[in-house]
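Coordinates in review
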Amino acid sequence: MNKIIVDKEDGKKVLIIGSGVAGLTAAIYAARGGLEPTVISGNQPGGQLMLTSDVENFPGFDEPIKGPVLMERMRRQAERFGTRFVDESITEVDFSSLPLKVRTESSKELFLADSVIIATGASALWLDLESERRLKGRGVSSCATCDGFFFKGKDVAVVGGGDTAIEEALFLSKLTNSVKVIHRRKELNASAVMRQKAFNNEKISFLWNSIVTETWYQQGRRH
Ligand SMILES: Cc1cc2nc3c(=O)[nH]c(=O)nc-3n(C[C@H](O)[C@H](O)[C@H](O)COP(=O)(O)OP(=O)(O)OC[C@H]3O[C@@H](n4cnc5c(N)ncnc54)[C@H](O)[C@@H]3O)c2cc1C
């Protein structure tokens with residue numbers, strides 16, 4: 001028999017799926033509105049900012065703040081107003097009728113809610129290399145708009161050949177000395193417009209038919 005959670009009076013059952021910046025912002029607002037929300041954290045409590053070191057663009061912080069510290073503070077802020085956290089993932093939903101039904105990974109708990117806010121964000125496709133895991137935040141990044149600033153004036157590489165990779169390469173070309181796009185095929189699978197932009201950009205060069213098997217950085221340099 002499934003345990004039924006979130007059994008408050010009608011109109012007050014708010015469930016938030018995801019505990020990144022979006023989920024926790026929703027939780028703070030809902031909690032301050034007296035809705036006593038429940039946040040299902042998912043398999044990455046705190047979301048993508050848990051993977052980053054310095055966050056420099058969050059308004060209100062004149063000094064950089066570590067991603068995990070920021071997320072911990074956001075979680076405490078949400079808890080202070082009455083948010084409840086469940087460290088599980090959602091694997092099944094039924095939104096065909098009210099109350100909305102949501103089931104956790106373990107399938108032991110069924111959550112009933114009047115409103116469900118989905119804030120499941122995104123996750124990067126990594127190369128799955130041991131060295132890459134070790135160097136995340138120390139020269140290896142999955143987000144050019146977030147971390148590009150740290151690579152100002154440097155030579156960087158982007159792995160991939162689709163729209164996302166080319167978008168990142170174009171963005172980085174404005175900040176860095178040079179961008180090498182490393183692609184496992186002999187042509188880009190990015191859209192024609194993106195391809196042309198990349199080919200026209202004199203800072204971007206290409207390494208075709210190449211698969212990255214190792215990442216490292218020069219001793220003594222952060223990036
Ligand atoms: C390396 C890196 C550095 C970054 N640096 C910066 C920066 O300096 N400044 C900046 O503004 N942005 C930065 N970003 C971008 C920022 O992290 C994202 O914009 C932000 O995290 C998006 O927040 P979100 O809440 O939408 O989703 P996410 O942070 O992706 O969170 C998604 C949440 O959903 C949960 N979830 C997913 N599936 C389920 C499920 N089935 N059940 C339950 N929960 C689920 C996950 O566990 C997670 O908690 C960076 C990103 C990366 C990867």
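Residues numbered from 1 in each chain as written. Predicted model: local features only at pLDDT ≥ 70, side-chain atom pairs only at ≥ 80, totals over all residues. Heavy atoms only, no water.

The subject of this paragraph is the packing of helix α5 (residues 163-173) against helix α6 (residues 192-200). One way to put it is that α5 packs onto α6 with a least axis distance of 10 Å and a crossing angle of 35°. Remark: the crossing between α5 and α6 carries left-handed chirality. Residues D163, I166, E167 and L170 of α5 touch α6, and the partners they reach there are M194, K197 and A198. Here the contact of α5 with α6 is composed, by residue class, of four nonpolar, no polar and three charged. (Axes fitted to C-alpha atoms, helices over the stretch in contact; angles between N-to-C directions. Helix = DSSP H or I, 4+ residues; strand = E, 2+ residues; numbered from the N terminus. Left-handed = near helix turned anticlockwise from the far one by under 90°. Contact = heavy atoms within 4.5 Å. Nonpolar A, V, L, I, M, F, W, Y, C, P; charged D, E, K, R; others polar.)

What follows deals with the sheet that holds strand β6 (residues 84-86). Taken together, four strands build an open sheet; the order of strands is β6-β3-β2-β10 and the sheet is parallel. At either margin of the open sheet sits one strand with a lone partner, and together these are β6 and β10 (115-118). Direction aside, neighbouring strands of the sheet carry axes that sit 20° apart on average. As paired elements, strand β2 (residues 14-17) and β10 share four bridges and run parallel to each other. Bridged to V14 within β10 is S115. Packed onto the sheet, helix α1 (residues 21-32) meets β2, β3 (38-40), β6 and β10 and runs at close to 165° relative to β2. (Pairing = 2+ DSSP bridges.)

Our focus in this paragraph is the domain arrangement of the protein chain. What the domain assignment lists for the protein chain is domain 1 (14-118) and domain 2 (130-222). Centre-to-centre separation of domain 1 and domain 2, based on C-alpha positions: 32 Å. On the side of domain 2, five residues touch domain 1, which itself brings four residues to the contact. The contact between domain 1 and domain 2 buries some 380 Å² in all, and 44% of this surface belongs to carbon and sulfur atoms. Summed over the three residues of domain 1 that lose the most area to domain 2, namely L51, S53 and E56, the buried surface amounts to 69% of that side. At the surface where domain 1 touches domain 2, the tally comes to zero salt bridges. Within the side of domain 1 that touches domain 2, the residues separate by chemical class into no nonpolar, two polar and two charged. (Domains from an automatic or database assignment. Buried area = accessible area lost by both parts, 1.4 Å probe. Salt bridge = Lys/Arg side-chain N within 4 Å of Asp/Glu carboxyl O.)

A word on α1. An ideal rise of 1.5 Å per residue puts 16 Å on twelve residues; α1 measures up with 16 Å between its terminal C-alpha atoms. All of the buried residues along α1 are G23, L24, A26, A27, I28, A30 and A31. Of the surrounding secondary structure, the elements contacted by the buried residues of α1 are β2, β3, α2 (67-80), β6 and β10. Note on α1: the residue one or two positions beyond its end, G34, has a positive phi of about 80°. (Expected span 1.5 Å × (residues − 1). Buried < 20%, exposed > 50% of the residue type's maximum accessible area, 1.4 Å probe, protein only.)

Here the focus is the site of the ligand. Taken together, 28 residues lie around the ligand, and A22, S41, Q44, Q48 and I90 are the ones closest in. G42 places a polar main-chain atom, nitrogen or oxygen, 3.5 Å from a nitrogen atom of the ligand. Between the ligand and N43, the relevant distance is 3.4 Å, taken from an oxygen atom to a main-chain nitrogen or oxygen of the residue. In the complex, the protein chains occlude 80% of the 1,000 Å² of accessible area that the ligand would expose alone. Looking at the shell around the ligand, the elements that each hand over two or more residues are α1, β4 (54-55) and α4 (144-147). Residues of the shell around the ligand, tallied by class, amount to eleven nonpolar, 15 polar and two charged. Among the domains, domain 1 (14-118) and domain 2 (130-222) are the pair contributing at least three residues each to the shell around the ligand. (Near = heavy atom within 4 Å. Polar contact = N/O pair within 3.5 Å; in protein donor to acceptor, adjacent residues only side chain to side chain. Areas by Shrake-Rupley, 256 points an atom, 1.4 Å probe, with all protein chains shown as cover.)

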